[in-house]
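Notes for the structure review
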Amino acid sequence: MRLLLVEDELDLADWLKRALSQSGFVADHAVDARAASVLVATTNYDAIVLDLGLPEISGISWLRELRADGNNTPVLVLSAHAALDDRVRGLSAGADDYLTKPFALAELEARLNALGRRARLAQEAVTQFGGLTFDTETRTFTVGGRLLGLTPRERAALSALMLRRNQPLLKTALAERVFDLQSDAGPDAIEVVVHRLRKKLVGSGVRIATVRGLGYMLEVDEPAA
Ligand code: CA
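Small disclaimer: the values here were computed from a predicted structure and weren't measured.

With respect to the pattern of salt bridges
In the structure shown here, the tally under the stated rule is twelve salt bridges. Asp28 is the salt-bridge partner of Arg2, the closest N and O atoms lying 2.7 Å from each other. Of this pair, Arg2 sits in strand E1 (residues 2-6) while Asp28 sits in strand E2 (residues 26-30); the two residues are 26 residues apart in sequence, bridging distant segments of the chain. What makes Arg2 partly exposed here is its relative accessible area of 31%. What makes Asp28 buried here is its relative accessible area of 17%. Taken together, the shared-partner salt bridges in this structure form one network comprising Glu7, Glu9, Asp51 and Lys101.

Overview of the pairing of strand E4 (residues 75-79)
Across the five residues that make up E4, a large majority, five, are buried. By the alternation rule, side chains of E4 split into Val75, Val77 and Ser79 and Leu76 and Leu78, which are all buried. In the classification by handedness, the crossover that spans strand E3 (residues 47-51), the intervening helix H3 (residues 59-68) and the parallel E4 is right-handed. As judged from the four bridges shared by E4 and strand E5 (residues 97-100), these two strands associate in the parallel manner. By the bridge assignment, Val77 is partnered in E5 with Tyr98.

What about the sheet that holds E4?
With respect to topology, five strands assemble into an open sheet ordered E2-E1-E3-E4-E5, the strand pairing being parallel. Each edge of the sheet is formed by a strand with only one pairing partner; in this case those strands are E2 and E5. Going from strand to strand, the sheet's axes swing by 20 degrees on average, the running direction of each strand aside. In this structure, E1 lies alongside E3, joined through four bridges in parallel fashion. From the neighbouring strand, Val6 faces E3, where its bridge partner is Leu50. Across the sheet, helix H2 (residues 33-42) is in contact with E1, E2 and E3; its angle to E2 comes to roughly 140 degrees. Contacts from H3 reach E3 and E4, with the element oriented near 150 degrees to E3.

So, the sheet that holds strand E6 (residues 126-129)
Reading across the sheet, the four strands line up as E6-E7-E8-E9 and stay open at both edges, with antiparallel pairing between neighbours. Only two strands of the sheet have a single partner each, and these edge strands are E6 and strand E9 (146-147). Two strands pair when backbone bridges link them, and strand E8 (residues 140-143) and E9 are joined in this way by two bridges, in the antiparallel orientation. In the strand pairing of E9, Val143 is matched with Arg146. Each of E6, strand E7 (132-135) and E8 is contacted by helix H6 (residues 152-163), which is oriented at about 75 degrees to E8, the strand it contacts most.

Quick notes on the rules
Residues numbered from 1 in each chain as written. Predicted model: local features only at pLDDT ≥ 70, side-chain atom pairs only at ≥ 80, totals over all residues. Heavy atoms only, no water. Salt bridge = Lys/Arg side-chain N within 4 Å of Asp/Glu carboxyl O. Helix = DSSP H or I, 4+ residues; strand = E, 2+ residues; numbered from the N terminus. Buried < 20%, exposed > 50% of the residue type's maximum accessible area, 1.4 Å probe, protein only. Right-handed = clockwise from strand over helix to strand, strands pointing away. Pairing = 2+ DSSP bridges. Axes fitted to C-alpha atoms, helices over the stretch in contact; angles between N-to-C directions. Contact = heavy atoms within 4.5 Å.

Next up, the structure:
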């Protein structure tokens, strides 16, 4: 994966570049928003790691500009504050994920890999899994050519599960994809959504498995013997 690292703390940037390259990432470094703009104009990155606390032009302002220019490169935002406010501002400016400093390198790598997978999947307009077909442009699901009728929450949940098919998705992570931050949905609300989805998926050739202690996983239903 080719990365752009936008970070004004040089020690952190150097360390990250070295550590990430040992894990097979290729990282370019921009020390501020201006340098980052020059690099994204000439290079196609698989993901951008963006520090919010940059000199002159803030990370948030730069991200808004990037999105306004039509650049959809996945962006993972780094912030020194765990404040909900920062997280909300980052996500509403167009960030795809969020990590608070200090963070574990393994966590950053796992999230970058997940962003890369999502981006690759988004490039394929139609994804087939079992008997289920997902059109990522219209965000519709069909089974045997028949449109699957879903509520917006069911659609959000099934899309998230489809993007991570054959891998467990944490219950909390799934809930984050389905309920917005303002939602007062309780911790069990996601179970209701999954329960309804399971009923609708009967006969589709895929099922939502419960992975004990981890969450849910979309998998191909074993055909009846
Ligand atoms: Ca900084």
